[in-house]
Amino acid sequence: MVNSVAPRVESLATSGIQSIPKEYVRTIEEQTSITNIFEEEKKEEGPQVPTIDLKEIDSEDIKVREKCREELKKAAMDWGVMHLVNHGISNELLEKVKKAGEVFFQQSVEEKEKYANDQETGKIAGYGSKLANNASGQLEWEDYFFHLVFPEEKRDMSIWPKTPSDYIEATSEYAKQLRILVTKILSIPSIGLGLEEGRLEQEVGGMEELLLQMKINYYPKCPQPELALGVEAHTDVSALTFILHNMVPGLQLFYQGKWVTAKCVPNSIIMHIGDTIEILSNGKYKSILHRGLVNKEKVRISWAVFCEPPKEKIILKPLPEVVSEDEPALFPPRTFAQHIQHKLFRKTQEEFKN
Ligand SMILES: [Fe+2]
């Protein structure tokens, strides 16, 4: 498919098609592992994504505090993904953010096109759908809205949704509170590596340079969910990623050689350790492979905030304190932009081999 304008998946989904275009059909190998997500979410056996209760993260009782921190650290080393509960952001605010995103997406595709991004000219903020970045033209079953939400002075308010009218207020407040949580969270893996508590945060850009990018993922109902993926298997390039969703399951994690479905935990925020922290920690913290399934019955929406270091300013490499003769650096030095390029290149190489 030659497309300077990406097709909107929502338009396809609502056109009444019974079978999906071939660009959305995954490889036979992938299809063998795609199952019904509602059935998967019900399964109780096997490993489950850990739930970390942050209620005691700042407890004055050192033992209580350490127990909470230790659990988060362990989850970051073992899984690299977790459900955060009692994270300090009110449920009321989370609901407001989600409602605002839902109302934006309830508008017609024509209305949303007014916010369309232009990936080919590098204007990635706005309403969009993924362009094929590989020879096979493979596409994903989702549309999205993408924009920077923090630091406030780096935001481009001209592209933020004007509908609904409280979108800006709710999303800005969420970003502000999430940024405070980021500092708290990063102190734990930092101390866990034997570093100063503020070190990891500083290494990813600190208050001025760490960018919080919001991506609202909209996964329309899919007539053939057993053939498609909402998001193909990948690891996040970010330092940390925080995800809200509309309680429709979809996220799967590749843990110990199997796809594990994340349960929908009320009032929680899912948090991923991304490649950036994996690199800085020389692999001690994991950036887990994950993907998104789609379904026939319900639209799924998720709100991901990617916390990313600046593209060029910082060279990411294992910190000297975590490297030794016995544990040599597992990752070569690369800027964030180079890391992204490298992943894309590696993916293309793998496709040529297939
Ligand atoms: Fe991801």
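- Per an unreviewed UniProt entry, the recorded name for the chain is Anthocyanidin synthase, and the organism is Paeonia lactiflora.
- Taken from UniProt, the Cofactor (unreviewed entry) comment for the chain reads in full: "L-ascorbate".
- In its Sequence similarities (unreviewed entry) section, the UniProt entry covering the chain states "Belongs to the iron/ascorbate-dependent oxidoreductase family."

1. Considering the overall build of the chain
Right, so step 1: A count of helices and strands for the chain gives 11 helices and 14 strands.
Right, so step 2: Referenced to the eigenvectors of the C-alpha coordinate spread, the extents of the chain come out at roughly 60 × 50 × 45 Å.
Right, so step 3: Within the span of the chain, comprising 354 residues, buried residues form 38% of the whole.
Right, so step 4: Counting only contacts in the chain whose residues sit at least 6 apart along the sequence, the fraction spanning at least 24 positions is 78%.

2. Focus on the sheet that holds strand β3 (residues 126-129)
Right, so step 1: Taken in spatial order, the eight strands make up an open sheet running β1-β2-β10-β7-β12-β5-β4-β3, and their pairing is mixed. Taken across any chain shown, the strands that pair with only one partner, and hence form the sheet edges, are β1 (51-53) and β3. Sheet twist, expressed as the mean angle between neighbouring strand axes with direction ignored, is 25 degrees.
Right, so step 2: Sheet analysis places strand β7 (residues 240-245) next to strand β10 (residues 269-273), joined by four bridges and oriented antiparallel. If you follow L240 over to β10, its bridge partner there is I273.

3. A word on the nonpolar core
Right, so step 1: L240 and V305 are the most contacted members of the largest nonpolar core, which totals 79 residues.
Right, so step 2: Counting residues per element, this core draws most heavily on helix α7 (residues 167-192), at eight residues.
Right, so step 3: With residues near it in sequence (within four places) discarded, L240 still touches V182, I185, M271, H272, I273, G274, I277 and C307.

4. Quick notes on helix α4 (residues 62-78)
Right, so step 1: Taking 1.5 Å of rise per residue, 17 residues should cover 24 Å, and α4 covers 24 Å from first to last C-alpha, within 8% of that figure.
Right, so step 2: Listed as buried for α4 are C68, R69, L72, A75 and A76. All buried residues of α4 fall inside an arc of 120 degrees around its axis, so they share one side. Counted as exposed and oriented over 90 degrees from the buried face of α4: I62, K63, K67 and E70.

5. Details of unusual backbone geometry
Right, so step 1: Cis geometry is adopted by the peptide bond preceding P151, which originates at F150 and carries an omega value of 0 degrees.
Right, so step 2: Note on placement: P151 falls in the loop between β4 (143-150) and α7.
Right, so step 3: Here T163 and P164 are connected by a cis peptide whose omega angle stands at 0 degrees.
Right, so step 4: With respect to the helices, strands and loops of the structure, P164 is situated in the loop between β4 and α7.
Right, so step 5: A positive phi angle, near 65 degrees, is found at M247, a position not held by glycine.
Right, so step 6: Note on placement: M247 falls in the loop between β7 and β8 (251-255).
Right, so step 7: Residue class for M247 comes out exposed when judged on the 12 C-beta atoms lying within 10 Å of it.
Right, so step 8: With a phi close to 55 degrees, N282 is a non-glycine residue in the positive phi region.

6. Quick word on helix α5 (residues 91-106)
Right, so step 1: In this model, α5 (16 residues) spans 22 Å end to end at C-alpha, consistent with the 22 Å of a helix rising 1.5 Å per residue.
Right, so step 2: Along α5, the residues classified as buried are V97, K98, A100, G101, F104 and F105. Projection of α5 onto a plane perpendicular to its axis shows the buried side chains occupying an angular sector of 155 degrees, all on one side. Turned more than 90 degrees away from the buried face of α5 sit N91, E92 and Q106, all of them exposed.

7. Focus: the sheet that holds strand β6 (residues 231-234)
Right, so step 1: The strand order across the open sheet formed by four strands is β6-β11-β8-β9, and the pairing between neighbours is antiparallel. Lying at the two open borders of the sheet, with one neighbouring strand each, are β6 and β9 (258-261). Across this sheet, the average inter-strand angle for adjacent strands is 20 degrees, counted without regard to direction.
Right, so step 2: The sheet contact formed by β8 and β9 spans four bridges and is antiparallel. Across the sheet, the residue bridging to Y255 is K258, located in β9.

8. Looking at the pairing of β8
Right, so step 1: Along β8, four of the five residues are buried, which leaves the element largely enclosed by surrounding structure.
Right, so step 2: The pairing of β8 with strand β11 (residues 290-292) spans three bridges and is classified as antiparallel. Bridged to L253 within β11 is H290.

About the thresholds
Throughout, residues of each chain are indexed from 1 in the direction in which the sequence is written. For a predicted model such as this one, the threshold for reporting local features is a pLDDT of at least 70, and the threshold for listing and counting side-chain atom pairs is 80 or more; totals across whole chains, interfaces and linings nevertheless cover every residue. UniProt positions are given in the numbering used here, feature names are shortened, and annotations may be inferred rather than shown by experiment. In this text, helices come from DSSP runs of H or I with a minimum length of four residues, and strands from runs of E with a minimum of two, each type numbered from the N-terminal end. The exposure label follows from counting other C-beta atoms within 10 Å of a residue's C-beta, where the C-beta atoms are placed from the backbone and the thresholds are 20 or more for buried and 12 or fewer for exposed, leaving partly exposed in between. We call two residues in contact when their backbone-placed C-beta atoms lie within 7 Å. A pair of strands counts as paired when DSSP detects no fewer than two bridges linking them. As a rule, the C-alpha atoms of each element are fitted with a line to give its axis, helices using only the stretch in contact, and angles between N-to-C directions run from 0 to 180 degrees. Here a nonpolar core is just a set of buried residues of the types Ala, Val, Leu, Ile, Met, Phe, Trp, Tyr and Cys, joined wherever their C-beta atoms sit within 7 Å. For a helix, the expected span equals 1.5 Å multiplied by the number of residues minus one. Working definition: the arc comes from the directions between the helix axis and the C-beta atoms, pointing outward to the latter.

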